[in-house]
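# Observations on the three-dimensional arrangement
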Amino acid sequence: MLKPVTPPPSSTAATAPSPAEPADLPVHLAEATGSDAALRRFLHGLPGVDQVGAEARAASLGTRSIKTTAKEFALDLAIRMVDLTTLEGQDTPGKVRALCAKAVRPDPADPGCPSVAAVCVYPDMVGTARQALGASGVHVASVATAFPSGRAALDVKLADTRDAVEAGADEIDMVIDRGAFLAGRYQQVYDEIVAVREACGDAHLKVIFETGELQTYDNVRRVSWLAMLAGAHFIKTSTGKVQPAATLPVTLVMLEAVRDFREATGRMVGVKPAGGIRTAKDAIKYLVTVNEVAGPDWLDPDWFRFGASTLLNDLLMQRTKMATGRYSGPDYFTLD
Amino acid sequence: MTRIDVRKTYKLYVGGAFPRSESGRSYVVEDAKGKFLANAAQASRKDARDAVQAARKAFAGWSARTPYNRGQVVYRIAEVLESRAAQLVDEVQRGEGETKRQAQASVEATVDRLVWYAGWADKLAQVVGGTNPVAAPYFDFSLPEPTGVVAVVAPQESSLLGLVSVVAPVVVTGNTVVVAASAERPVPAITLSEVLATSDVPGGVVNVLTGPIGDTVPTLAAHMDVNALDLTGVSDPATAADLERAAAENLKRVLRPEAAEPDWTLDPGLDRMTRFLETKTVWHPVGI
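Predicted, not measured: the structure shown is a model, and the values here were computed from it.

Scanning chain A for helices and strands turns up 13 helices and eight strands. Taking 20 Å as the expected radius of gyration for a compact globule of 336 residues, we find that chain A reaches 19 Å, a close match to that expectation. Judged by the C-alpha coordinates and their principal axes, chain A covers about 60 × 45 × 35 Å. Within chain A, residue pairs in contact and separated by at least 24 positions form 75% of the contacts whose partners lie at least 6 positions apart.

In structure tokens:
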């Protein structure tokens, strides 16, 4: 287990999730965000990730056998955690409406099948999604801040975010400026997250790292802390546009970070792996990892999400197999 | 100096690869005289599921090939099979307890059968399709299209000629196949897999499962992503009826087994090809 970065003052180590407010941070963490130099000192002072160890742990957690009732529970939980995503140039209002219908009722043949957590679209489709979802309880998530590259001026990114929030997005998925992060301009990345968080208003903020471009697990751990210090509600692995996207070891490192952050500050931050999770088997491996690394508190759609599109069909097929005893096929579920 | 034999590990053939059974099980295969022949992989229902997945994945590409090209590929199987004739003669002879002459005739018939079906690849559409005279201003024509993923229970007695006689007609028209090989005589099926793997057949077009058919065939019969079921190798009528009932759930095409295993040396006719085809008819307006 990773050691806490600094011993948390016991008074702030409450377990109840509280609204993320950078001002709530304990002194030693608040001081870490004052300047580029302070951030660098803090982030580079984080213990390094044992790459071989993290990969071995992830691989061993992936071997757990989840069967029968536990599998039924896991499949339903995974469905409830899906952020059903369509982020393509060819998205049309019709496609988004179809996706929303699927999000509310993933398996029309089974009224017992739960809805997914959210529908994730580009900002211009938020209005359409909002209208289609109505009062179903399924959230509308929108990517923003010049997704997926994040290469735009801050004004543009903030305008992008405000647009999406005004159109009715409940959740904003922003991308960090990887160029600035890799160049070591941590304060710039931090300030950007804080500014976007303000632009979000009441909407929840998910911060996408694009871990496939960050090269090392150490960087993943650093950027996780950076985003959490800046007030992210969720930290998310990838845009889905870059390979490799989400992997189990990367998610494991991020889960360790949110666990340690709660220990240090009492604030809970969610995790969302996105991209590359296509099978129910993979999803269950992630759930096992969540339970073993972060703890059962995170086994909830409010604190863990899957960014996926094809995963849902496989979950539904497995669910149907559990219910009917016969293997199902892709012919019986919608394509998107 | 005495040399230690290199013992062969018999495995399944799924998606162009040779995996062990997911269950890790194997079973003893005996020759016709009851002597130990080999340990073969005993496929489980998950292997059946994986095989269906592989077959489904291969279907789009295989069915989109030109019939001419599919004919070439099937002909290539015959070529490669011919070059391994000696090994197959030996395996058929031991497995089926025949004389060498009989086994040789059986392997030769197998090669001929492949060539025969290869020739049909680009001719079948002319025979079973064509234009239809209709009393309206339409150019109306019908053409055969492959059914999809076909699960085949291979004959239990004829382990090579019978196997090829049920698999070749299914794949030559563009279907992909999951075949449960003869449970007691799986060795020629495994060698055939090796032939397929080296003869331009895309991975997943033919998937071979070995082991007792009760372990895999009920799963295949009930699988919603299988489009047709050939029960040729099921000898018990009650079992065949059960499988047919399971297959009815998604309206699979079912080929019922005959009372006794047919004589595979006879002229096969077109039945086994046309059984797993769908006819598409197009009404094209003309003459305005």
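There is more to say after this.
On the chain B side, the residues contacting the seven residues of chain A number seven residues. Tallied by class, residues from the side of chain A that touches chain B come to three nonpolar, two polar and two charged.

Quick look at the confidence of the model for chain A now. In this model, chain A carries an average pLDDT of 91, and 93% of its residues clear a pLDDT of 70 or more. A low-confidence stretch, residues 6–20 of chain A (pLDDT under 50), is modelled with 21 contacts involving residues beyond four sequence positions or located in other chains.

Another aspect to go through is the sheet that holds strand β10 (residues 277–285) of chain B. Residue and element names in this part refer to chain B. Here three strands make up an open sheet; going across it, the order is β3-β4-β10 and the pairing antiparallel. Pairing within the sheet leaves two strands with one partner each, and these edge strands are β3 (130–132) and β10. Within this sheet the neighbouring strands show an average axis-to-axis angle of 30°, counted without direction.

This brings us to the confidence of the model for chain B. Summing up the model confidence of chain B, the mean pLDDT is 96 and the portion of residues at 70 or higher is 100%. Taken together, the chains of this predicted complex give a pTM of 0.89 and an interface ipTM of 0.86.

This brings us to the sheet that holds strand β4 (residues 171–175) of chain A. Residue and element names in this part refer to chain A. The parallel open sheet is built from eight strands, whose spatial order is β7-β6-β5-β4-β3-β2-β1-β8. Unpaired on one side and paired on the other, β7 (270–272) and β8 (306–308) mark the two borders of the sheet. Ignoring strand direction, the axes of neighbouring strands in this sheet form an average angle of 25°. For strand β6 (residues 234–236) and β7, the ladder comprises three bridges, and the chain directions are parallel. Within the sheet, the bridge partner assigned to Phe-234 lies in β7 and is Gly-270. Contacts between helix α6 (residues 126–133) and the sheet are confined to β2 (118–121) and β3 (139–144), with β3 contributing the most and set at about 170° to the helix.

Reading guide: rules and limits
Residues numbered from 1 in each chain as written. Chains lettered and ligands numbered in written order. Predicted model: local features only at pLDDT ≥ 70, side-chain atom pairs only at ≥ 80, totals over all residues. Helix = DSSP H or I, 4+ residues; strand = E, 2+ residues; numbered from the N terminus. Rg over C-alpha atoms; globule rule 2.2 N^0.38 Å. Contact = placed C-beta atoms within 7 Å. Nonpolar A, V, L, I, M, F, W, Y, C, P; charged D, E, K, R; others polar. pLDDT = per-residue confidence, 0-100. Pairing = 2+ DSSP bridges. Axes fitted to C-alpha atoms, helices over the stretch in contact; angles between N-to-C directions.

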